[in-house]
Amino acid sequence: SSGINAEYGGSGDVQTMSFETSAPAQNDGDTFEARLQNYEALASYQPVEVGATILRNMPRAQVVILKWAPPLRFQFYRNLMPDIILDTCDSCNRIFYADDLELQYLQKQACPFCRKAVAEQAQEAES
């Protein structure tokens, strides 16, 4: 059922309001947004983790994939500001603003962090 619950503090200086609505059921529980909203700040950093089903349903343009060499596993990050386009260096897996990385590739022909040449990265990707 859908309803609005409102509580007013006795002194009149505190007001809270919550909207209770029933959310449609998802395949893998809840969505990334729901998990992020339920996130409570802890003393130490804890990432929001989701399963494969939720990850597959995220728009590809909003997911950054860091492809580490075996035995390490790939890492997936969600870009919470989709208006800002991100890109990664294939060599060091650092995340950059796409425009900044492209400018560095054009000016220096290398990654601004690891200094690996673009030509070397392309050769490694082909093999």
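In this text, all values refer to a predicted model and were calculated from it rather than measured experimentally.

Describing unusual backbone geometry
Right, on to step 1. For the bond running from P70 to P71, omega is 15°, close enough to zero to count as cis.
Right, on to step 2. Its identity is not glycine, yet N93 carries a phi of approximately 65°, on the positive side.
Right, on to step 3. Position of N93 among the secondary structure elements: in the loop between β5 (86–88) and β6 (95–97).
Right, on to step 4. Judged by its relative accessible area of 8%, N93 falls in the buried class.

Comments concerning the nonpolar core
Right, on to step 1. Ranked by size, the top nonpolar core spans 5 residues in total: C89, C92, F96, L101 and C111.
Right, on to step 2. The residues contacting L101, other than those within four sequence positions of it, are D87, T88, C89, F96 and P112.

What to know about the confidence of the model for the protein chain
Right, on to step 1. Residues at a pLDDT of 70 or more form 63% of the protein chain, whose mean pLDDT is 75.
Right, on to step 2. Confidence scores differ between elements of the protein chain, with strand β1 (residues 3–8) showing the lowest mean pLDDT of 42 and β6 the highest of 94.
Right, on to step 3. Contacts from residues 1–29, a stretch scored under 50 in pLDDT, to residues over four places away or in other chains number 30 contacts.

A short note on a negative patch on the surface
Right, on to step 1. Among the surface-exposed residues, D87, D90, D99, D100 and E102 lie close enough to one another that they form a single negatively charged patch.
Right, on to step 2. When residues in the negative patch are grouped by element, the largest group, 3 residues, is from helix α3 (residues 98–108).
Right, on to step 3. Counting through the fold element by element, D87 comes out in strand β5.
Right, on to step 4. Owing to a relative accessible area of 37%, D87 belongs among the partly exposed residues under this scheme.

Things to note about the side chain of N93
Right, on to step 1. Among the polar contacts made by the side chain of N93, one reaches the main-chain carbonyl oxygen of K67 at a distance of 3.3 Å.
Right, on to step 2. The residues touching N93, leaving out its near neighbours within four places in the chain, are L66, K67 and W68.

What counts as what
Residues numbered from 1 in each chain as written. Predicted model: local features only at pLDDT ≥ 70, side-chain atom pairs only at ≥ 80, totals over all residues. Heavy atoms only, no water. Helix = DSSP H or I, 4+ residues; strand = E, 2+ residues; numbered from the N terminus. Buried < 20%, exposed > 50% of the residue type's maximum accessible area, 1.4 Å probe, protein only. Core = buried A, V, L, I, M, F, W, Y, C linked by side-chain atoms within 4.5 Å. Contact = heavy atoms within 4.5 Å. pLDDT = per-residue confidence, 0-100. Patch = residues over 30% accessible without salt bridge, like charges linked within 9 Å, V, L, I, M, F, W, Y side chains within 5 Å. Areas by Shrake-Rupley, 256 points an atom, 1.4 Å probe, with all protein chains shown as cover. Salt bridge = Lys/Arg side-chain N within 4 Å of Asp/Glu carboxyl O. Lys, Arg positive; Asp, Glu negative; His and termini not counted. Charge placed at Lys NZ, Arg CZ, Asp CG, Glu CD. Polar contact = N/O pair within 3.5 Å; in protein donor to acceptor, adjacent residues only side chain to side chain.

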